[in-house]
Amino acid sequence: MSATHQHKTSHSAAEAVVAKGHSGCNGKSHEKPFKGYTLEEMRYRKVVTQLKIEVARERLMMAVSPKVKGEAQTISSYVRGFDTAMRYADIAMLAYSIMRKVGNFFSFFAGRKRK
């Protein structure tokens, strides 16, 4: 077989598969033919597609625009600062709680000696 003939044969075989309505399946499944989407499915697909486009647009703007990139860094620095402040507050509350328990422990024994 020549390369041209082989290419034509594989192309016509692919056309035959598509013409039968199979898209890569082995022909053993007995699925119903695709009859379209319901209105709800179309709306869902539209929303998902719009969200994907919006996310891609925002990523592109972040990559291209230094102003948007700077604003994003500013927002992330605020979040990081708040997170750090909350960690310090958590550590301070834990230290206060431990010191109270230690103080109560020692005051219990200090009270016993006086009696």
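Fair warning: this is a prediction, and the values are worked out from it, not measured in the lab. Each chain carries its own residue numbering, running from 1 in the written order of its sequence. Two thresholds apply to this predicted model, a pLDDT of at least 70 for residue-level local features and 80 or more for giving and counting side-chain atom pairs, whereas whole-chain, interface and lining totals are computed over all residues. To get the side-chain values, take all heavy atoms of the structure and skip hydrogens and water.

**Considerations on the overall build of the protein chain**
Then step 1. Helix and strand definitions here come from DSSP, where helices need a minimum of 4 consecutive H or I residues and strands a minimum of 2 consecutive E residues; each element is numbered from the N-terminal end. When you go through the protein chain residue by residue, the secondary structure sums to three helices and zero strands.
Then step 2. Of the regular secondary structure in the protein chain, the N- to C-terminal order runs α-α-α.
Then step 3. Residue burial is assigned from relative accessible area. The probe radius is 1.4 Å, only protein chains are included, and a residue is buried under 20% of its type maximum, exposed over 50%, and partly exposed in between. Split into buried and exposed, the 115 residues of the protein chain put 1% on the buried side.
Then step 4. Calculation of accessible area relied on Shrake-Rupley with a 1.4 Å probe; when residues are assessed, cover is drawn exclusively from the protein chains displayed. For the protein chain, the exposed surface amounts to about 11300 Å²; the carbon and sulfur share of it is 63%.

**Digging into the packing of aromatic side chains**
Then step 1. Between rings of Phe, Tyr and Trp, where Trp is taken as its six-membered ring, a pair exists when centres lie within 6.5 Å; planes separated by under 30 degrees are stacked, by over 60 edge-to-face, and by other angles tilted. Here the structure, examined in full by the defined rule, presents four aromatic pairs.
Then step 2. Ring geometry for phenylalanine 34 and tyrosine 37: centres 5.1 Å apart, planes at 70°, overall edge-to-face.
Then step 3. Judged by its relative accessible area of 61%, phenylalanine 34 is exposed.
Then step 4. Its relative accessible area of 40% is what places tyrosine 37 among the partly exposed residues.
Then step 5. Between phenylalanine 108 and phenylalanine 109, the aromatic rings sit 5.5 Å apart at their centres with planes inclined by 70°, giving edge-to-face as the arrangement.
Then step 6. With relative accessibility at 36%, the residue phenylalanine 109 sits in the partly exposed group.
Then step 7. By the ring-pair criterion, three or more aromatic residues cluster together here, those being Phe105, Phe106, Phe108 and Phe109.

**Re the pattern of salt bridges**
Then step 1. We count a salt bridge whenever a side-chain nitrogen from Lys or Arg sits within 4 Å of a carboxyl oxygen from Asp or Glu. In this structure the tally under the stated criterion is two salt bridges.
Then step 2. The partner of arginine 57 in a salt bridge is glutamate 54, and the shortest N-O contact between them spans 3.6 Å. Of this pair, arginine 57 and glutamate 54 are both found in helix H2 (residues 39–64), three residues apart, which corresponds to roughly one turn of the helix.
Then step 3. Ionic pairing is found between arginine 87 and aspartate 83, a salt bridge with its closest N-O pair at 3.3 Å. Here aspartate 83 and arginine 87 lie together in helix H3 (residues 66–114), a separation of four residues that amounts to about one turn.
Then step 4. The partly exposed category is assigned to aspartate 83, whose relative accessible area is 37%.

**Looking at the confidence of the model for the protein chain**
Then step 1. Here pLDDT means the predictor's own confidence in every residue, given as a number from 0 to 100. Model confidence for the protein chain is summarised by a mean pLDDT of 75, while 67% of its residues fall at 70 or above.
Then step 2. Ranking the elements of the protein chain by mean pLDDT puts helix H1 (residues 3–19) last with 46 and H2 first with 88.
Then step 3. Considering only residues more than four positions removed or in separate chains, one finds that residues 1–24, a stretch of pLDDT under 50, has three contacts. In this analysis, two residues are considered to be in contact whenever any of their non-hydrogen atoms come within 4.5 Å of each other.

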